[in-house]
Amino acid sequence: MKRILVIYYTQTGQAKQALNAVLKPFEENQNYKIDYECIKPKKTFPYPWTYTEFFDAFPETVHGIPCELEPLTIDITTNYDLIIIAYQPWFLSICVPISSFLQSTEVKQLLANKPVITIINCRNMWLGAQEKMKQRLLNINATLIGNITFVDRSSNLVSLITVLAFVLKGTKEKFMGIFPKYGVTKKDLTHAPIFGKIIMDNIENDQLQNIQPQLNQQGALDIRGNLLIMEGRGKALFPLYANYISKKGTQGSEQRKMRVRIFGIVLPTVILIISPIITIISRLAPIIAKKKFKKEIAYYSQNTLRKN
Ligand SMILES: Cc1cc2nc3c(=O)[nH]c(=O)nc-3n(C[C@H](O)[C@H](O)[C@H](O)COP(=O)(O)O)c2cc1C
């Protein structure tokens, strides 16, 4: 019998829905036993978030500063055959609970020299977070063999509005009755067991290198040109702004509230303004810089880390 460990975090259940869908073939196969470990911070992150709480989480998330976690419930001496990590990007970085797990004392024992598959559920921007994931896995000697993403299928501006309603107001149905429902769609969940089947078949045949290319053929990764460019900007600017806020104080402190509030206005405004400009650039980019663009998309479609 093969044993799978699933490490996940979820605030509203979308990650668990994605997991259930992908892992359906494994659940139906008696040769596999799955252990689920939901990562729980000692101090729960709020849902819905207040505006200030949400943007106040930005600096520590970007800097990868861990929070305290509740003890794991699994037996960490178990020799798992496959590890699955399901997570959400927060501010183009790994969400704090999973980032904290990846820095915990137990992580090496569980993950070192093990094949890992990541399942991401998010609005639409996961490239930067996954780069950080690649680095963290490299640090603990784990091998990333597959990545599957579940994204909101609306345009960037529409999902900017619906995600804010989702996280700040807790709106799970159509915002104001007119916007599309935020998040992972039923259609994508119905399609997802095929990803599990690909993983299982290749594990059975010991062809782990085939997993990502076959997942890609089934649409496991959604890499949009405009978002690729936009994330590049964020990657350069976010650490600077995170430092600017951190300088004033630690998470939750009164002293940095002013800077957090400014960020809370500046970030959505900047996205609103530059989104259409970047969309135009991204339409031109494949024409002007065809090779480079293709190379970038190919890079983010695979699981090794770029050498700088
Ligand atoms: C603090 C915070 C930051 C977020 N940042 C991003 C982001 O950078 N990119 C993205 O695509 N989605 C982002 N999101 C949206 C989450 O991915 C979304 O809340 C997630 O799909 C919910 O998953 P869950 O139901 O499993 O908790 C963010 C959400 C939160 C709460």
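Engineer: Explanation requested: the packing of aromatic side chains in the structure shown.
Structural biologist: For any pair of aromatic rings, the description consists of the separation of the ring centres together with the inter-plane angle of the planes. Within the structure shown, the criterion is met by 23 aromatic pairs. For the pair Trp-49 and Phe-54, a centre-to-centre distance of 5.7 Å together with 90° between the ring planes defines the contact as edge-to-face. Under the relative-accessibility criterion, Trp-49 is labelled buried at 5%. Relative accessible area serves as the criterion here: at 15%, Phe-54 is assigned to the buried category.

Engineer: Looking at this structure, how should I read the packing of helix α12 (residues 225-246) against helix α14 (residues 290-300)?
Structural biologist: To characterise two packed helices, one gives the angle between the axes of the helices and the distance between these axes. Viewed as axis vectors pointing N to C, α12 and α14 meet at an angle of 85°, and their least axial separation amounts to 11 Å. Judged by the inter-axis angle, α12 sits roughly perpendicular to α14. Judged by residue contacts, Gly-225, Leu-228 and Ile-229 of α12 engage Phe-293, Glu-296, Ile-297 and Tyr-300 from α14. Within the contact of α12 with α14, the residues separate by chemical class into 5 nonpolar, 1 polar and 1 charged.

Engineer: Mind showing me how you'd approach the pairing of strand β1 (residues 2-8) here?
Structural biologist: Walk down a regular strand and you will see the side chains alternate between the two sheet faces. The buried count for β1 comes to 5 of 7 residues, which makes it a mostly enclosed element. Pairing of β1 with strand β2 (residues 32-38) involves 7 bridges; the strand directions are parallel. When the sheet's bridge partners are listed, Arg-3 is paired in β2 with Lys-33. Sheet topology note: the β1/strand β3 (residues 82-87) ladder contains 5 bridges and is parallel. In the strand pairing of β3, Leu-5 is matched with Ile-83.

Engineer: How should the environment of Ala-142 be read in this particular structure?
Structural biologist: Here Ala-142 shows up in the loop between α7 (127-139) and β7 (143-151). Note on Ala-142: relative accessible area 8%, which makes it buried. As for Ala-142 and Lys-108, which are separated by 34 residues in sequence, their C-alpha atoms are 8.4 Å apart. When neighbours within four sequence positions are excluded, Ala-142 is seen to be in contact with Leu-111, Asn-113, Lys-114, Val-116 and Leu-137.

Engineer: How should the site of the ligand be read in this particular structure?
Structural biologist: Neighbouring the ligand are 22 residues, the closest being Thr-10, Gln-11, Thr-12, Leu-92 and Met-125. Residue Thr-10 places a side-chain N or O atom 2.6 Å away from an oxygen atom belonging to the ligand. Arg-123 is positioned with one of its backbone polar atoms (N or O) 2.9 Å from an oxygen atom of the ligand. Expressed as a share of its isolated accessible area of 630 Å², the protein-covered part of the ligand is 94%.

Engineer: What am I meant to see in the nonpolar core here?
Structural biologist: Counting 66 residues, the largest nonpolar core has Ile-85, Ile-98, Phe-101, Leu-102, Leu-111 and Leu-137 as its most contacted members. Apart from the residues lying within four places of it in its own chain, the contact partners of Phe-101 are Ile-7, Ile-39, Leu-69, Leu-72, Val-107, Leu-110 and Leu-111.

Engineer: Help me understand the sheet that holds β1 in this model?
Structural biologist: Whenever strands of a sheet pair, they do so through backbone hydrogen bonds, lying parallel or antiparallel. Taken together, 5 strands build an open sheet; the order of strands is β2-β1-β3-β6-β7 and the sheet is parallel. Either end of the sheet is taken by a strand with one partner, and the two such strands are β2 and β7. Taking the axes of each pair of neighbouring strands and ignoring which way they run, one obtains an average angle of 20° across the sheet.

Engineer: It is not clear to me how helix α10 (residues 193-204) should be interpreted in this structure. Could you clarify?
Structural biologist: Think of an α-helix as turning once every 3.6 residues; residues three or four places apart then point the same way. A rise of 1.5 Å per residue sets the reference length of α10, with its 12 residues, at 16 Å; its end C-alpha atoms lie 16 Å apart and thus fit the reference within 8%. Among the residues of α10, Phe-195, Gly-196, Ile-198, Ile-199, Met-200, Asn-202 and Ile-203 are the ones counted as buried. Just downstream of α10 lies Asp-206, where phi reads positive at about 55°.

Engineer: Any chance you could explain the pattern of salt bridges here in plain terms?
Structural biologist: Any two side chains of opposite charge can pair, on the condition that their charged atoms come close. Enumeration according to the criterion identifies 13 salt bridges in this entry. Between Glu-28 and Lys-24 there is a salt bridge, and its shortest N-O distance comes to 3.5 Å. Residue Glu-28 is classed as exposed on the basis of its relative accessible area, which comes to 58%. Overall, Lys-24 belongs to the partly exposed group, its relative accessible area being 42%. What emerges from the salt-bridge pattern is a single network uniting Arg-153, Asp-188, Asp-222 and Arg-224.

Definitions and cut-offs
- Within every chain, residues take consecutive numbers counted from 1 along the sequence as written.
- Where totals are concerned, whole chains, interfaces and linings use all residues; where local detail is concerned, this predicted model gives features only for residues with pLDDT of at least 70, and gives and counts side-chain atom pairs only at 80 or more.
- Hydrogens and waters are ignored; side-chain quantities use all the structure's heavy atoms.
- To pair, rings of Phe, Tyr and Trp, with the six-membered ring standing in for Trp, must have centres within 6.5 Å; the planes then decide the type, stacked if under 30 degrees apart, edge-to-face if over 60, and tilted in the middle.
- Exposed residues in this analysis have more than 50% of their type's maximum accessible area, buried residues have under 20%, and partly exposed residues fall in between, with area computed by a 1.4 Å probe over protein chains only.
- For helices, the axis comes from a line fit to the C-alpha atoms of the stretch in contact; other axes are also lines fit to C-alpha atoms, and the angle between any two N-to-C directions lies between 0 and 180 degrees.
- A run of DSSP states H or I qualifies as a helix once it reaches four residues; a run of E qualifies as a strand once it reaches two. Both are numbered from the N-terminal end.
- To sort the angles, those under 35 degrees are grouped as roughly parallel, those over 145 as roughly antiparallel, those from 65 to 115 as roughly perpendicular, and the leftovers as oblique.
- Contact definition: two residues touch when any of their heavy atoms are within 4.5 Å.
- Residues are grouped as follows: Ala, Val, Leu, Ile, Met, Phe, Trp, Tyr, Cys and Pro are nonpolar; Asp, Glu, Lys and Arg are charged; every other residue, Gly included, is polar.
- The rule for pairing is simple: two strands pair if DSSP sees at least two bridges between them.
- When at least one non-hydrogen atom of a residue lies within 4 Å of a molecule or strand, that residue is treated as near it.
- N or O atoms within 3.5 Å of each other form a polar contact, as long as, within protein, one can give a hydrogen and the other can take it, and as long as residues adjacent in sequence are counted only when both atoms are side-chain atoms.
- Surface accessibility follows the Shrake-Rupley procedure with a 1.4 Å probe radius. Residue values consider only the protein chains on display as shielding.
- To define a nonpolar core, start from buried Ala, Val, Leu, Ile, Met, Phe, Trp, Tyr and Cys residues and group those joined through side-chain atoms within 4.5 Å.
- Take the residue count of a helix, subtract one, and multiply by 1.5 Å to get its expected span.
- Criterion for a salt bridge: a side-chain nitrogen of Lys or Arg within 4 Å of a carboxyl oxygen of Asp or Glu.

All we've got here are geometric facts, nothing functional implied.
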